Amino acid sequence: MLHIHLEEHSYDILIKRGAFQKVGTWVQQLWDKQRIAVITDSNVAPLYGGQIVDSLTAAGFEATLLVVPAGEKSKSLEQAANLYDGLAQLGMTRSDGIIALGGGVIGDLGGFVASTYMRGIDFLQIPTTLLAQVDSSIGGKTAVNTGSAKNLVGTFAQPAGVMIDPDLLTSLPLKRVQEGIAEIIKSAAIADPELWQTLAGLKDEVDLLAHAEKVITASLKVKQKVVEEDPFDHGSRLTLNFGHTIGHGLERTAAFDTSHGEGVAMGMIMITRHAEAIGLTPKGTTQQLTEMVEKFHLPITPSEIDKEQLYQAITHDKKARGQQLKIILLEAIGQAKIVTIPTEKIKDYLL
């Protein structure tokens with residue numbers, strides 16, 4: 001169990017194999033009996049939708065599934081509007097609650113809808129992908145994409161609780177596991193040399209899943225620390241964006257055919273390679289990152305790149321502020337720094 005302590009809203013993260021089997025009991029400990037809308041997607045609903053509704057019903061809740069199509073395209077204002085209509089038809093009020101059951105898309109979309117419906121109602125996160133379990137389900141960032149950029153419209157809204165059950169990962173395709181490992185590598189690279197050594201001692205993705213509770217907990221502790229220090233992303237929390245500035249651009253230029261994890265993996269290496277070349281990062285750091293990324297079968301460079309198109313995607317990202325851009329570089333494996341550069345200079349890193 002981890003506790004996220006924030007001045008205005010604190011909550012617990014339950015990390016336990018098999019926890020989902022007693023999801024109704026867990027919710028009972030957090031909420032009075034009420035209506036619950038479980039927002040999920042078309043991939044997760046057949047796997048876990050019936051189980052969560054049955055468990056919540058047995059615990060005395062009135063539970064209904066709201067299902068959106070699986071995929072990044074559902075993280076949109078259009079789908080948010082559909083969900084608002086669904087919540088209204090259910091008669092949901094501010095005394096009721098939402099559970100986001102799914103990966104990062106559902107966590108972001110469900111949290112965004114919960115934070116804006118009737119000016120905000122309580123919500124819980126139950127992430128079903130490794131990426132969501134180690135990153136997007138905690139910290140309170142919610143968002144949808146627009147035609148201009150990824151995560152352009154969003155809110156800061158903390159959940160009432162998060163349940164992380166590594167057993168839910170057994171249904172994931174290998175590629176989705178790899179996507180989450182990219183964020184774990186990032187966490188180790190920016191703030192936890194011990195986690196880096198743990199990853200170095202693992203054989204592959206299957207070995208990592210066998211040690212999932214330990215690895216997930218260590219990765220979350222990195223995020224816990226910076227979220228508590230900087231809940232609204234103005235200072236130290238920016239270090240969590242290592243690899244993301246370029247990564248989001250790669251996702252955008254590939255029309256989201258590049259997964260988030262793949263974008264982050266390539267972004268970490270691209271930005272570190274140039275930083276190392278100009279003396280801002282120690283020699284050999286890029287090689288260490290490359291070996292770790294390759295071990296878990298993540299890409300290290302895009303198959304093709306339109307430098308100008310990628311630059312335009314990056315400057316449309318919300319991390320670009322005016323004529324300056326804050327980028328995250330490594331001072332060593334396990335230690336990151338924030339560097340401000342003229343926005344135009346990011347082009348030098350797109351090699």
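Residues numbered from 1 in each chain as written. Predicted model: local features only at pLDDT ≥ 70, side-chain atom pairs only at ≥ 80, totals over all residues. Heavy atoms only, no water.

Peer 1: Outline the overall build of the protein chain, supporting the account with residue identities and numerical values.
Peer 2: Looking only at helices and strands, the protein chain features 13 helices and twelve strands. Taking 351 residues into account, the globule formula puts the C-alpha radius of gyration at 20 Å, and the protein chain, at 20 Å, falls close to it. Principal axes of the C-alpha set define a box for the protein chain whose edges measure 60 × 40 × 40 Å. Classification of the 351 residues of the protein chain by burial places 58% in the buried group. Considering only contacts within the protein chain whose residues lie at least 6 apart along the sequence, 75% involve residues at least 24 apart. Summed over its atoms, the accessible surface of the protein chain is roughly 14,400 Å², and 50% of this surface lies on carbon and sulfur atoms. (Helix = DSSP H or I, 4+ residues; strand = E, 2+ residues; numbered from the N terminus. Rg over C-alpha atoms; globule rule 2.2 N^0.38 Å. Buried < 20%, exposed > 50% of the residue type's maximum accessible area, 1.4 Å probe, protein only. Contact = heavy atoms within 4.5 Å. Areas by Shrake-Rupley, 256 points an atom, 1.4 Å probe, with all protein chains shown as cover.)

Peer 1: Describe the UniProt feature "domain: 3-dehydroquinate synthase N-terminal" (unreviewed entry) in the protein chain, listing the residues and the values that go with them.
Peer 2: Under the UniProt annotation, the feature "domain: 3-dehydroquinate synthase N-terminal" (unreviewed entry) is placed at residues 66-178. Along residues 66-178 the backbone is 34% helical and 24% strand, and the end-to-end C-alpha distance reaches 28 Å. (UniProt positions renumbered as here; feature names shortened; annotations may be inferred.)

Peer 1: I'd love a proper account of the nonpolar core, names of residues and values included.
Peer 2: Ranked by internal contacts, the top residues of the largest apolar core, which has 67 residues, are Ile13, Ile185 and Leu199. Formed by 23 residues, the second largest nonpolar core is a distinct cluster that contains Val23, Ile36, Val53 and Ala59. (Core = buried A, V, L, I, M, F, W, Y, C linked by side-chain atoms within 4.5 Å.)

Peer 1: Any chance you could break down the packing of helix α10 (residues 244-253) against helix α11 (residues 260-277) for me, citing the residues and the numbers?
Peer 2: Running from N to C, α10 and α11 point in directions that differ by 130°, and their axes come no closer than 7 Å. In this view, α10 runs oblique relative to α11, as classed from their interaxial angle. For α10 against α11, the interelement crossing comes out right-handed. Judged by residue contacts, His244, Ile246, Gly247, His248, Leu250 and Glu251 of α10 engage His260, Gly263, Val264, Met266, Gly267, Met270 and Ile271 from α11. (Axes fitted to C-alpha atoms, helices over the stretch in contact; angles between N-to-C directions. Parallel < 35°, antiparallel > 145°, perpendicular 65-115°, else oblique. Left-handed = near helix turned anticlockwise from the far one by under 90°.)

Peer 1: Just give me the short version of the sheet that holds strand β3 (residues 35-41), but keep the residues and values in it.
Peer 2: The strands that make up a sheet pair up through hydrogen bonds in the backbone, lying either parallel or antiparallel. The strand order β1-β2-β9-β6-β5-β3-β4 describes an open sheet built from seven strands, whose pairing is mixed. What marks the edges here is a single partner per strand, and that holds for β1 (2-4) and β4 (62-68). When the angles between neighbouring strand axes are averaged without regard to direction, this sheet yields 20°. As paired elements, β1 and strand β2 (residues 11-15) share three bridges and run antiparallel to each other. Pairing of His3 across the sheet is with Asp12, part of β2. Contacts between helix α2 (residues 44-58) and the sheet are confined to β3, β4, β5 (97-102) and β6 (122-127), with β3 contributing the most and set at about 170° to the helix. Across the sheet, helix α3 (residues 77-89) is in contact with β3, β4 and β5; its angle to β4 comes to roughly 155°. (Pairing = 2+ DSSP bridges.)

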